[in-house]
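# Structural features, examined
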Amino acid sequence: MHTGDGLPVQTPPKTRPIKRHHTTRYYVHRVHESLTTRVSKILCSIFLGLLLVIGVVIFIVWLSLRPHRPRFHIRDFSVPGLNQVSGIDNAVITFNVTARNANQNIGIYYDSMVGSVYFEDQRIGSTPLLFPFYQEPKNTTVVYGTFSGATLTVDSQRWTDFRNALAKGSVIFRLELTSTIRFKISRWKSKRHHAHADCAIGVGQDGLILAVSKDKRCPTYFT
């Protein structure tokens with residue numbers, strides 16, 4: 001190139017990038033870092049995998065050992081002489097309920113059980129049921145009960161209320177079973193729980209349980 005005065009212009013020489021020569025120690029260090037990173041990732045993956053497996057195992061064990069509450073079904077309920085004015089002279093209520101332990105590997109200790117019968121949310125009878133007993137897993141126990149005499153508080157007015165309800169089609173009673181229970185897993189026993197089974201029962205003109213109420217499962221809850 002030339003300037004306007006005709007003098008040549010010198011072009012600066014091109015700079016070449018400087019090549020860095022790394023030592024053997026540098027490459028060894030880089031390889032060591034790479035291996036450490038890979039090993040760390042592998043160890044983290046193994047650790048997370050083990051945590052996942054352990055979590056799944058614990059969840060499965062928890063599901064298999066988690067106690068299920070007893071299942072109660074009303075099988076029979078009767079009030080003889082309900083459609084008779086003089087029925088109050090020998091008033092009696094009888095029933096039977098099944099208590100089912102549906103657990104696979106868990107037994108149930110029944111320390112006590114009390115049956116109470118209600119009409120329009122007023123308790124009209126109460127009586128102890130069964131002696132303390134142990135119920136094996138996958139086992140069903142039949143609970144029989146009778147309310148009469150001192151365990152049944154029904155006066156002439158209450159009997160009239162029964163008959164008035166019966167004139168409309170049926171009488172609705174409520175049977176409540178209150179149990180003190182403990183769960184048994186191998187040699188371990190749980191603390192005491194209070195289980196309540198609440199059975200709504202319809203009784204017809206003949207004083208017997210209606211078909212719609214027979215074999216019905218009773219809702220159960222703990223307190």
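Structure: see above.
Computed from a predicted model, the values in this text were never measured in an experiment.

### Topic: the pairing of strand β9 (residues 193-203)
Of the pairings in the sheet, the one linking strand β7 (residues 171-185) to β9 comprises 11 bridges and is antiparallel in character. From the neighbouring strand, Ile-181 faces β9, where its bridge partner is His-193.

### Section: the nonpolar core
Ranked by internal contacts, the top residues of the largest apolar core, which has 40 residues, are Phe-72, Phe-77, Ile-124, Phe-162, Phe-173 and Leu-175. At the level of secondary structure, the elements contributing two or more residues to this core comprise β1 (71-78), β2 (92-101), β3 (107-119), β6 (139-148), α2 (156-167), β7 and β9. Those residues in contact with Phe-72 that lie beyond four places of it in its chain are Val-97, Thr-98, Ala-99, Tyr-110, Met-113, Leu-177, Ser-179, Ala-197, Lys-216, Arg-217, Cys-218 and Thr-220.

### Brief notes about the side chain of Asn-96
Within the fold, Asn-96 resides in strand β2. Under the relative-accessibility criterion, Asn-96 is labelled buried at 16%. Here Asn-96 is in contact with Ile-74, Arg-75, Asp-76, Val-142, Val-143 and Tyr-144, once residues within four sequence places are set aside.

### Points about the environment of Arg-182
With respect to the element layout, Arg-182 can be found in strand β7. For Arg-182, a relative accessible area of 17% puts it in the buried group. Between the C-alpha atom of Arg-182 and that of Asp-111, which follows or precedes it by 71 residues, the distance is 7.7 Å. The residues contacting Arg-182, other than those within four sequence positions of it, are Gly-107, Ile-108, Tyr-109, Asp-111, Lys-189, Ser-190, Lys-191 and Arg-192. Within the structure, the side chain of Arg-182 is placed 3.0 Å from the side chain of Asp-111, a separation counted as a polar contact.

### Comments concerning the state of the cysteines
Counted under the stated rule, the structure contains 1 disulfide. Here Cys-199 pairs with Cys-218 through a disulfide, and the sulfurs are 2.0 Å apart. A torsion of 110° about the S-S bond marks the disulfide between Cys-199 and Cys-218 as right-handed. Here the residue Cys-199 occupies a position in strand β9, and Cys-218 occupies one in strand β10 (residues 216-218), the gap between them amounting to 19 residues.

Thresholds applied
- Residues numbered from 1 in each chain as written.
- Predicted model: local features only at pLDDT ≥ 70, side-chain atom pairs only at ≥ 80, totals over all residues.
- Heavy atoms only, no water.
- Pairing = 2+ DSSP bridges.
- Helix = DSSP H or I, 4+ residues; strand = E, 2+ residues; numbered from the N terminus.
- Core = buried A, V, L, I, M, F, W, Y, C linked by side-chain atoms within 4.5 Å.
- Buried < 20%, exposed > 50% of the residue type's maximum accessible area, 1.4 Å probe, protein only.
- Contact = heavy atoms within 4.5 Å.
- Polar contact = N/O pair within 3.5 Å; in protein donor to acceptor, adjacent residues only side chain to side chain.
- Disulfide = S-S within 2.5 Å.

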